[in-house]
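Observations on the three-dimensional arrangement
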Protein chains: 2
Amino acid sequence: MFPISKEILEESLRRLDIPDITSATIRQINSLAWMLQEEAGEEMIHLELGNPGLPAEQVGIEAEIEALRSGVASKYPNIAGLPELTKNASEFVKAFLDVDVPPHCIVPTVGSMQASFTLLQLLKMRLPGKDTLLMLFPGFPAQRHQAKLLGINLEGFDIYNYRGKKLEAKLEEYFKTGRITAMLYSNPNNPAWTNLTDEELEIIGRLATKYDVIILEDLAYMGMDFRQDFGHPYEPPYISTVAKYTDNYILLISASKIFSYAGQRIAVVCMSKEVYERRYDYFEKFFEMPKFGDAYIYGVLYCCSSGATHSAQHGLAKMMGEAVAGRLNFVDHCSEYGRRGGLIKQLLADNGFELVYKYDGDREIADGFFLTASYGDMSGEELQKELLRHGVSTISLPSTGSRQQGVRITVSTVSDKEHFDLLGKRLKEFKQTH
Amino acid sequence: MFPISKEILEESLRRLDIPDITSATIRQINSLAWMLQEEAGEEMIHLELGNPGLPAEQVGIEAEIEALRSGVASKYPNIAGLPELTKNASEFVKAFLDVDVPPHCIVPTVGSMQASFTLLQLLKMRLPGKDTLLMLFPGFPAQRHQAKLLGINLEGFDIYNYRGKKLEAKLEEYFKTGRITAMLYSNPNNPAWTNLTDEELEIIGRLATKYDVIILEDLAYMGMDFRQDFGHPYEPPYISTVAKYTDNYILLISASKIFSYAGQRIAVVCMSKEVYERRYDYFEKFFEMPKFGDAYIYGVLYCCSSGATHSAQHGLAKMMGEAVAGRLNFVDHCSEYGRRGGLIKQLLADNGFELVYKYDGDREIADGFFLTASYGDMSGEELQKELLRHGVSTISLPSTGSRQQGVRITVSTVSDKEHFDLLGKRLKEFKQTH
């Protein structure tokens, strides 16, 4: 029965070799949650792991099956991407972001995890002295691990205190050192679910051009700012992007969340034409290929996995094609996350919790895949542990690079009334003893 | 019409930015071959690119389709591998290599390309001073690029002059420096199609244990030494492997060639239990996970792509399961390469070419996926260029790390009488002018 005792929690942390819960990986937290569920003999509410939680888009599955039947399994995929995929992705970017990226500047990767890993590998090599990645925090913890594994210097700051015009001076502080080769953020933000405003994107873009910083914009949750309806191709409103304000951009578009396709590990990297075509002396020497895009595709991606699964490329090509044709409204399909986010936000408010990241400019943030919550003056670590004891598993904000005290919640795996009711009951029990 | 002039060849090399044909990637050679085909207005014989050239195993395709229909596309694959896959792979290794690897020591990767890339990443970190990879040459050129990109020191030697007992002193020369963290080779050899004898594998295994070197045995062409029939599970003869002679081994088993499944990018890494469980101080500090296997799966593989395509794991699980049950004789299916290799070897002999790598111990090598050929005292570079002019595309031996002069030929894409006849005609024309 939840709540379980502090002793059992601490003993479970020891058994899983987790000395510090705030630096544990999401996967370790997930294992811990399952262990505590066994101890309690009662179901844990899993708000820590962001599985899609919706069925995969059926047209993608059908396209994969057709491709498999037609014999693609025996043939190495073209390392530069299936022509149908790069063409459809180019149209997809035009239709929903109103941005022009030529097909040859687009390449499939084994999820956006491979995209950021391989891009960072190249970005740390491009110019002498440009050896540092700047991350906007909070951020996706795995990307911090990537930087560490690659031996690339990592700096970052919590955007909490630097929204709007305040962003400019803060960014310039980093950029003017000359050490920043690239800046990485996800928009909507993982995990704060904030969206950068156009004012902020303009600042980022302008400074990226001025200081030669390449912006990696991770669009894992593309279009899921449900305050507006971005679901219609070639029609405003278009999804905001830094690509409107600089040529120094690379967009990461993963099928995992927008098409609920995480199992097949497929994404595309979209380089601006300027990024692709730019020549570097060091790449000429190292790869015998001076252009960034060539060095990336044939020098780095080829080395890392010889391309992405053939049938999955067909699946993504089809889903993007259908979205561009207006026959697959992926934004509408994902709006279910907004509904769940709204319900959970209400349960939290009813039980004395507050949203941590609350505003974009002067607007309240959207309801969506993630939200962040604090409770009185409890630290993130304490709150995470106390919620775990009460049968609610989250991750702590400090583990995401945030300086705020609180926890991150993903709404993806809670879908039915029974679980919402159980969550409400658990939060109420928590409130009664805190 | 072939032959084309030397001027057109040199001009094409310039247009493709290939300053030195011996250091070009296989993919660049492939592009060059297509360009020359356009110039000649006649079909090129492609002996450079090792596409499987057989249809994918149908049971794998059916299993993928079933998995897709059951909904795996929306779910992140378990980073430690689908339980059914690791179980079947463990049995596969027992059935065909007669080696015991527990399922938890097996993990799927995005092809063996991802396996070697990610393993080298970890192997260069495991112990201070052990900073060098030793490769047996000739070898797979992409693996040399991987070492370069990872910044791991690479040493190697051509096994041509160090077969049998001579291997011991040569290996010890490298191992006793203490700098070698790992040694990598493919068996059967890519591209010489030699097979290490049990005498040689015993030497490698014994010295690996003595000097704490971890052996990466790439079994991309597992079982394709067609001089014996390895196609029957749990029955001798078993495929020779270094795993019989040391606990310091990691096996790479890719579906690409043995199941003609290159398109789906799926393989398994099989660590010996001793390799998996070994604890390293540096991994404890860096990953907060002291064990090699944990650091590999949760620290490195997770960072690189969050796992391998879900449906492809089901496909591989099924193919391995069927092979273990004796219902899928993959060795027999691949023996078609032996037939083609034999035909091409005869055409080469008829036209004055010689095999470069000819013997394993006192036996002639098998016919198979690759063969190596020389012509009089022509250099590898000259021979490759002259064959290209005559409509036959190969890669040069020096590009594979071999010190011998000659070219590497893959038999995978030449299958019908028409192409064998055309190859014969081209080689004859070559002979008449050289």
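Residues numbered from 1 in each chain as written. Chains lettered and ligands numbered in written order. Predicted model: local features only at pLDDT ≥ 70, side-chain atom pairs only at ≥ 80, totals over all residues. Heavy atoms only, no water.

Here we come to the pattern of salt bridges. Applying the stated criterion to the full structure yields 64 salt bridges over all chains. A salt bridge links Arg426(B) to Glu42(B), with the nearest nitrogen and oxygen atoms 3.5 Å apart. You can see Arg426(B) sitting in helix 16 (residues 417-432) and its partner Glu42(B) sitting in the loop between helix 2 (26-40) and strand 1 (45-46), a full 384 residues away along the chain. Taking relative accessible area as the criterion, Glu42(B) reaches 21% and is therefore assigned partly exposed. A salt bridge links Lys94(B) to Asp98(B); the shortest N-O distance between them is 3.2 Å. What emerges from the salt-bridge pattern is a single network uniting Arg163(A), Glu200(A), Asp225(A), Arg227(A) and Asp360(A). (Salt bridge = Lys/Arg side-chain N within 4 Å of Asp/Glu carboxyl O. Helix = DSSP H or I, 4+ residues; strand = E, 2+ residues; numbered from the N terminus. Buried < 20%, exposed > 50% of the residue type's maximum accessible area, 1.4 Å probe, protein only.)

Buried within helix 7 (residues 166-175) of chain A are the following residues: Leu167(A), Lys170(A), Leu171(A), Glu172(A), Tyr174(A) and Phe175(A). Buried residues belonging to helix 7 of chain A abut strand 3 (132-137), strand 4 (153-158), strand 5 (180-186) and helix 8 (198-211) of chain A. (Contact = heavy atoms within 4.5 Å.)

Time to look at the pairing of strand 3 (residues 132-137) of chain B. All names here are of chain B. With six of its six residues buried, strand 3 lies for the most part within the structure. In terms of strand pairing, strand 3 meets strand 4 (residues 153-158) through six bridges, oriented parallel. Among the inter-strand pairings, leucine 133 is bridged to a residue of strand 4, identified as leucine 154. As a crossover connection, the stretch from strand 3 through helix 6 (residues 141-150) into strand 4 is right-handed. Of the strand pairs in this sheet, strand 3 and strand 5 (residues 180-186) are connected by four bridges, and their pairing is parallel. Opposite leucine 133, over in strand 5, you have alanine 182 as the bridge partner. (Pairing = 2+ DSSP bridges. Right-handed = clockwise from strand over helix to strand, strands pointing away.)

A separate point is the relation of the copies chain B and chain A. Relating the two copies of this chain is a rotation about some axis coupled with a shift parallel to it. For the pair chain B and chain A, the relating rotation is 180°, the translation along its axis is 0.0 Å, and the fit reaches an RMSD of 0.0 Å. Both copies are brought into coincidence by an operation consistent with a two-fold rotation axis. Among all residues of chain B, the minimum C-alpha distance to the rotation axis is found for Ile65(B), at 2.9 Å. Comparing interface residues between copies, 100% of those in chain B also lie at the interface in chain A; the contact surface is shared. (Least-squares fit on C-alpha atoms with pLDDT ≥ 70 in both.)

Turning to helix 8 (residues 198-211) of chain B, a few remarks are in order. Owing to its 3.6 residues per turn, the α-helix brings residues three or four apart onto one side. All names here are of chain B. With 14 residues, helix 8 extends 20 Å from end C-alpha to end C-alpha; this agrees with the ideal 20 Å at 1.5 Å per step. If you check which residues of helix 8 are buried, you get Glu200, Leu201, Ile203, Ile204, Gly205, Leu207, Ala208 and Tyr211. Buried positions along helix 8 lie against strand 3, helix 7 (166-175), strand 5 and strand 6 (214-218). (Expected span 1.5 Å × (residues − 1).)

Our next topic: the environment of Glu277(B). All names here are of chain B. Among the secondary structure elements, glutamate 277 is positioned in helix 10 (residues 273-277). Residue classification places glutamate 277 among the partly exposed residues on the basis of a relative accessible area of 26%. When the C-alpha atoms of glutamate 277 and lysine 291 are compared, they prove to be 5.4 Å apart, with 14 residues separating the residues in sequence. With residues up to four places along the chain from it excluded, the contact list for glutamate 277 reads His104 and Lys291. A distance of 3.0 Å separates the side chain of glutamate 277 from the side chain of histidine 104, its partner in a polar contact. Looking at glutamate 277, its side chain comes within polar contact range of the side chain of lysine 291, at 3.0 Å. (Polar contact = N/O pair within 3.5 Å; in protein donor to acceptor, adjacent residues only side chain to side chain.)

The next point concerns the confidence of the model for chain A. Residues of chain A with pLDDT of at least 70 account for 100%, and the chain-wide mean is 95. If you check the scores for this complex, the pTM reads 0.95 and the ipTM reads 0.95. (pLDDT = per-residue confidence, 0-100.)

This part covers a negative patch on the surface. A cluster of like negative charges, contributed by Asp17(A), Asp281(B), Glu284(B) and Glu288(B), occupies part of the molecular surface. Here Glu284(B) shows up in helix 11 (residues 281-287). Of the residues examined, Glu284(B) reaches a relative accessible area of 45% and is grouped as partly exposed. (Patch = residues over 30% accessible without salt bridge, like charges linked within 9 Å, V, L, I, M, F, W, Y side chains within 5 Å. Areas by Shrake-Rupley, 256 points an atom, 1.4 Å probe, with all protein chains shown as cover. Lys, Arg positive; Asp, Glu negative; His and termini not counted. Charge placed at Lys NZ, Arg CZ, Asp CG, Glu CD.)

Counting 283 residues, the largest nonpolar core has Phe92(A), Phe259(A), Phe92(B) and Phe259(B) as its most contacted members. With residues up to four places along the chain from it excluded, the contact list for Phe259(A) reads Ala56(A), Glu57(A), Phe92(A), Leu316(A), Met319(A), Met320(A), Leu328(A) and Phe330(A). (Core = buried A, V, L, I, M, F, W, Y, C linked by side-chain atoms within 4.5 Å.)

With that settled, the discussion passes to the sheet that holds strand 8 (residues 267-271) of chain A. Residue and element names in this part refer to chain A. Ordered by their spatial adjacency, seven strands build an open sheet running 2-8-7-6-5-3-4, and the pairing between neighbours is mixed. Each edge of the sheet is formed by a strand with only one pairing partner; in this case those strands are strand 2 (106-109) and strand 4. The average undirected angle you get between the axes of adjacent strands in this sheet is 20°. Against the sheet, helix 7 contacts strand 3, strand 4 and strand 5, and its axis sits at roughly 165° relative to strand 4. (Axes fitted to C-alpha atoms, helices over the stretch in contact; angles between N-to-C directions.)

Contacts between the two partners involve 58 residues from chain B, matched on the other side by 58 residues from chain A. Looking at the side of chain B facing chain A, the largest losses of area belong to Tyr76(B), Leu149(B) and Cys303(B), adding up to 14% of the total buried there. Counting across the interface, chain B meets chain A through two salt bridges. Ionic pairing is found between Glu62(A) and Arg69(B), a salt bridge with its closest N-O pair at 3.2 Å. Counting across the chain B and chain A interface gives 28 residue pairs in polar contact (both at pLDDT 80 or more). Elements with a contribution of two residues or more to the side of chain B that touches chain A: helix 3 (58-69), helix 5 (111-123), helix 6, helix 9 (255-258), helix 11, helix 12 (292-305) and helix 13 (310-324) of chain B. Classifying every residue of the side of chain B that touches chain A by side-chain character gives 30 nonpolar, 19 polar and nine charged. (Buried area = accessible area lost by both parts, 1.4 Å probe. Nonpolar A, V, L, I, M, F, W, Y, C, P; charged D, E, K, R; others polar.)

Attention now goes to the packing of aromatic side chains. Applying the stated rule across the entire model yields 48 aromatic pairs over all chains. Here the aromatic rings of Trp193(A) and Tyr221(A) are separated by 5.4 Å at their centres, their planes lie at 75°, and the arrangement is edge-to-face. Within this pair, whereas Trp193(A) is found in the loop between strand 5 and helix 8, its partner Tyr221(A) is found in the loop between strand 6 (214-218) and strand 7 (249-254), the two being separated by 28 residues in sequence. Assigned by exposure class, Trp193(A) and Tyr221(A) land together as buried. Consider the rings of Phe92(B) and Phe259(B), whose centres lie 6.1 Å apart with planes at 55°: the pair is tilted. Pair noted here: Phe92(B) is in helix 4 (residues 83-97) and Phe259(B) is in the loop between helix 9 and strand 8 (267-271), with a separation of 167 residues, a long-range link. Each member of the aromatic cluster is reached from another via a ring pair, and the members are Tyr280(A), Tyr282(A), Phe283(A), Phe286(A), Phe287(A) and Phe292(A). Against the face of Phe286(B) rests Lys148(A), its NZ or CZ located 4.5 Å from the ring centre. A cation over an aromatic ring shows up here: Lys170(B) above the ring of Phe157(B), its NZ or CZ 5.7 Å from the ring centre. (Phe/Tyr/Trp six-rings, centres within 6.5 Å; stacked < 30°, edge-to-face > 60°. Lys NZ or Arg CZ within 6 Å of the ring centre and 35° of its normal.)

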